[in-house]
Amino acid sequence: MRKLQMQKDHKLLFSTVFIPVHAGDAAVGKSSLSHIFYSGGSLFQKNYNMTAGVELLMKCVNIPETNDTVELYILDSAGKETLAEGCEKMWGEPSLVCLVFDLTNEQSFVNCSGWMERVRTHCQGLRVSGVLVGNKSDLSARREVQASVAKEWAQSQGLEYHETSAKEMENCDAPFLSVARAFYSLYNEHLETVRNLSPG
Amino acid sequence: MSDSSFNSLGVKVVFASSCDENHPPENIMDGNTKTFWTSTGMFPQEFVIRFPEPTRVAAVTVESYNGTKTVVTINSTHCPGSVMKFERTERHLQLNTLSLNGSSAVHLRFVIASGHDHFVSVHRVTVKT
Ligand SMILES: Nc1nc2c(ncn2[C@@H]2O[C@H](COP(=O)(O)OP(=O)(O)OP(=O)(O)O)[C@@H](O)[C@H]2O)c(=O)[nH]1
Ligand SMILES: [Mg+2]
């Protein structure tokens, strides 16, 4: 009910497709994060269910201090190498990306560059923006990737860095809100350019 | 032969795949390049225009920005459609004309397959009858 009401005075402006891309081995927590964001924090699956293809989740995000709503389509893709290729076909030309790695698994962070390359190939030269997410921050004793290192790499790729714990439901909305805001600013940049065009 | 904007022929945009209410699809056929319709999401994007009655169309002109490739289909979606290739432009509109050789049309469907950037805008469509 509350959600509906919120959207009443918000106009539905944009739609985008947004892909949590996984780095390294499966099980970094992409599906856990997407589901928590989608359900508004109601469920965390302790048992691991490997994503075999692409799961599509849609959620509307209100942009703070505006009357605008961004419709986010989240393509939760399989991380397992043998399944990933099939998923890529579903990506199209993504406007934004959400790269997720496991803070307790350094290899999954290292593999992020490879995933970024794949995304770039799909974007055909378009600028890629989005977020890098270090998940499983609750397992602090097993942390293998330092925040400063991850942040630096994220910046070099034009991504914003977030740390989350799907298990503790900590900070899980932040990466998605950040993506919605990034999309919103891309769109406004586009409007600005288009308003200043001269005839052909 | 006459060159007229869709509006004066009574042509309407009956479908568009995106809608920002500040830049609605009606802007495509208002004859003004200052107003525009813009995509708000991923490609492909499309819009469909309808003539009030079957009309022989000599050519159609699209003024747009950021588009790369657009497929124009007449009436049914069964035929493959004609491809318009748009060159990239900076700071000015793309102007492209497709000859339709007097084909009779009720609907024209424009599918913008891809863009030079994340978003594409269409400023004016004109038909030659
Ligand atoms: N401790 C902890 N475990 C987590 C967290 N997020 C996810 N998990 C667990 O990690 C496992 C994998 O989570 P998924 O969300 O299925 O991982 P995935 O990245 O979608 O995996 P694929 O679909 O195979 O690519 C599950 O057992 C989750 O319960 C977290 O923040 N903390
Ligand atoms: Mg999964």
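Looking up chain B in an unreviewed UniProt entry gives the name Heat shock protein, alpha-crystallin-related, b11, with the organism given as Nothobranchius furzeri.

Under an unreviewed UniProt entry, chain A has the name Intraflagellar transport 27 and belongs to Nothobranchius furzeri. What UniProt states about chain A under its Sequence similarities (unreviewed entry) heading is, verbatim, "Belongs to the small GTPase superfamily. Rab family." UniProt, in its Subcellular location (unreviewed entry) section for chain A, records the words "Cell projection, Cilium, Flagellum".

All names here are of chain A. Within strand S5 (residues 129-135), seven of the seven residues are buried, which leaves the element mostly enclosed by the surrounding structure. In this structure, strand S4 (residues 96-102) lies alongside S5, joined through seven bridges in parallel fashion. What sits directly across from Phe101, in S5, is Gly134. Bridge analysis of S5 against strand S6 (residues 159-163) gives five bridges, and the strand direction is parallel. Counterpart to Val133 in the pairing with S6 is His162.

The next thing to look at is the coordination of the magnesium ion (ligand 2). Residues and elements named next belong to chain A. The protein atoms that coordinate the magnesium ion (ligand 2) are Ser31 (OG) and Thr51 (OG1), at distances of 2.0 Å. With Ser31 in helix H2 (residues 30-39) and Thr51 in the loop between H2 and strand S2 (54-62), the pair connects residues that are 20 residues apart, well separated along the chain. The two residues Ser31 and Thr51 agree in class, both being buried.

Looking now at the interface of chain B and chain A. Reports of interface size often rely on the accessible area that becomes lost once the parts have come together. If you look at the interface, chain B gives 25 residues, while chain A gives 26 residues. Taking both sides of the interface into account, the surface hidden between chain B and chain A amounts to around 2,100 Å²; carbon and sulfur atoms contribute 61%. Counting the surface chain B buries against chain A, the share from its top three residues, Met42, His118 and Phe119 of chain B, is 33%. If you look at where chain B meets chain A, you find zero salt bridges.

Parameters and conventions
- Residues numbered from 1 in each chain as written.
- Chains lettered and ligands numbered in written order.
- Predicted model: local features only at pLDDT ≥ 70, side-chain atom pairs only at ≥ 80, totals over all residues.
- Heavy atoms only, no water.
- UniProt positions renumbered as here; feature names shortened; annotations may be inferred.
- Buried < 20%, exposed > 50% of the residue type's maximum accessible area, 1.4 Å probe, protein only.
- Helix = DSSP H or I, 4+ residues; strand = E, 2+ residues; numbered from the N terminus.
- Pairing = 2+ DSSP bridges.
- Donors = N, O, S within 2.8 Å, 3.2 Å for Na, K, Ca; no water.
- Contact = heavy atoms within 4.5 Å.
- Buried area = accessible area lost by both parts, 1.4 Å probe.
- Salt bridge = Lys/Arg side-chain N within 4 Å of Asp/Glu carboxyl O.

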